[in-house]
Amino acid sequence: MEYITSFYTEALYMSYFRKKSIWVYHFNSGGCNGCDIEFVDALTPKYDVERLGVQLVSSPRHADVLVVTGPITTMAARALRNIYEQIPEPKKVIALGTCACTGGIFAGGYNVIGGADKVIPVDVKIPGCPAHPGVFLKALARLAGVERDGG
Ligand code: SF4
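Since we're looking at a predicted model, the values are computed, not measured.

Caption draft 1: Spotlight on the site of the ligand. What surrounds the ligand is the set G31, C32, G34, C35, T98, C99, I105, F106, G128, C129 and P130. Of all the elements in the fold, those that place two or more residues in the shell around the ligand are α2 (34–41) and α4 (98–102).

Caption draft 2: Local environment of the packing of aromatic side chains. All chains considered together, the criterion is met by 1 aromatic pair. A cation over a ring is seen here: K91 above Y84, with NZ or CZ 4.0 Å from the ring centre.

Caption draft 3: Region of the structure containing the environment of A42. Take A42: it is sitting in the loop between α2 and β3 (55–56). Each C-alpha atom of the pair A42 and H132 lies 8.9 Å from the other, and the pair is 90 residues apart in sequence.

Caption draft 4: Spatial organisation of the pairing of strand β2 (residues 23–28). As defined by bridge partners, β2 adjoins β3 across 2 bridges and the pair is classed as parallel. Considered in β3, the bridge of V24 is made with L56. Handedness of the β-α-β unit built from β2, α2 and β3 comes out right-handed. Relative to strand β4 (residues 65–69), β2 is paired through 5 bridges, and the arrangement is parallel. Looking across to β4, one finds that H26 is bridged to V67.

About the criteria used
Residues numbered from 1 in each chain as written. Predicted model: local features only at pLDDT ≥ 70, side-chain atom pairs only at ≥ 80, totals over all residues. Heavy atoms only, no water. Near = heavy atom within 4 Å. Helix = DSSP H or I, 4+ residues; strand = E, 2+ residues; numbered from the N terminus. Phe/Tyr/Trp six-rings, centres within 6.5 Å; stacked < 30°, edge-to-face > 60°. Lys NZ or Arg CZ within 6 Å of the ring centre and 35° of its normal. Pairing = 2+ DSSP bridges. Right-handed = clockwise from strand over helix to strand, strands pointing away.

Laid out in structure tokens, this is it:
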């Protein structure tokens, strides 16, 4: 698990073995939809992650990266684990937003386990309430090898 500040090294490493477009599967594990809206914003013409070859896919079996938004509720934990196990290796997990990182404002709730790393391995945490689509874009750009250090 790493925070965004140390993600760049990891992304550069990934670019060596990942010479194709990154396909992303998104799962909301119980959030308020604020981070989902920002995630969708990254797909719109303003940020346009598809120009990097990034695609949002409807099956985890087709994904390279799992993006989790929201705190992990007791109801969502099993589904999240099942989704993670369906994604083929090598795979990476991005916790998008403070809730997915730590449970956020929902932490301590009777039905909240915490952040995504309580259930599955998390490679990158992007905090923010909501997380900014520009930061998400930057993380994906690094993942795709489009940007390098200092970019
Ligand atoms: S981090 Fe903020 S915007 Fe994102 S799901 Fe949690 S409460 Fe909503």
